[in-house]
Amino acid sequence: MATRPQELLYLLTRAERLAVRRLQSVLDEFDCSVEAWRVLDLLSDGQGHHMTSLADHAFLPAPSLTKLVDQLVDQNLVYRRVDPADRRRVLAHLTPRGVRRWQLLVREVRADWGELEQLLPDGELNGPLVRLAEALEGGDTAGPVKVTTGRGERAVGRAR
């Protein structure tokens, strides 16, 4: 691993940009952006999510996320409902068409990334990256580290 912060930042940025470029090349066939894919992926858990959590997951500012969700609603991939627990907030959900679109996209992405998964089996890199993100956020890294994906939270290891 890089020993100097600038080396680590360079490697992380390079890997992220190359990964997004590769992902976008798969999604381009379906006229889908990486941000839209991230929203669909989070909503695929079927629980419904507030706009704030969608914005965080898609790495978008709130106004950009609102525009994106409006587009996904227009495409009949997402619908919004008032949160029954807090009527001031809105929850977004996948439509049946949105579920089918997400299933197609995730199948294609997994097929494309299959060879990369062989390089890092069983999410070998997930634990260290989650611990790094937690440390940079200033969060408590004493307990199990959780990763939130479209399929819910799962422990990926213990923080040190």
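Please refer to the structure placed before this passage.
Description of the structure in this document. (Residues numbered from 1 in each chain as written. Predicted model: local features only at pLDDT ≥ 70, side-chain atom pairs only at ≥ 80, totals over all residues. Heavy atoms only, no water.)

Regarding the overall build of the chain
In step 1: Helix and strand counts for the chain stand at 6 helices and 5 strands.
In step 2: A separation threshold of at least 6 residues defines the contact pool for the chain, and within that pool the share at least 24 residues apart is 45%.
In step 3: Carbon and sulfur atoms make up 53% of the accessible area of the chain, which amounts to about 10600 Å² in all. (Helix = DSSP H or I, 4+ residues; strand = E, 2+ residues; numbered from the N terminus. Contact = heavy atoms within 4.5 Å. Areas by Shrake-Rupley, 256 points an atom, 1.4 Å probe, with all protein chains shown as cover.)

Observations concerning the environment of D41
In step 1: With respect to the helices and strands, the residue D41 is situated in helix α2 (residues 34-43).
In step 2: Classification of D41 by relative accessible area gives buried; the value is 8%.
In step 3: C-alpha separation for the pair D41 and L105, spaced 64 residues apart in sequence, amounts to 9.3 Å.
In step 4: There is a polar contact of 3.0 Å between the side chain of D41 and the side chain of W102. (Buried < 20%, exposed > 50% of the residue type's maximum accessible area, 1.4 Å probe, protein only. Polar contact = N/O pair within 3.5 Å; in protein donor to acceptor, adjacent residues only side chain to side chain.)

Structural notes on the sheet that holds strand β1 (residues 49-50)
Remark on secondary structure: sheet strands pair via backbone hydrogen bonds, oriented parallel or antiparallel.
In step 1: Strand order across the open sheet formed by 3 strands is β1-β3-β2, with antiparallel pairing between neighbours. Both outer strands of the open sheet, β1 and β2 (78-83), are each paired with one neighbouring strand and no more.
In step 2: Both β2 and strand β3 (residues 86-94) contribute to a ladder of 6 bridges, which runs antiparallel. Across the sheet, the residue bridging to R81 is L91, located in β3. (Pairing = 2+ DSSP bridges.)

Side note on helix α5 (residues 96-119)
In step 1: Taking 1.5 Å of rise per residue, 24 residues should cover 34 Å, and α5 covers 34 Å from first to last C-alpha, within 8% of that figure.
In step 2: If you look at α5, its biggest bend is around 50°, right at W113.
In step 3: Taken together, the buried positions of α5 are G98, W102, L105, V106 and V109.
In step 4: Elements that come into contact with the buried residues of α5 comprise α1 (5-27), α2 and β3. (Expected span 1.5 Å × (residues − 1). Bend = angle between axes of the 7 residues up to and from the residue.)

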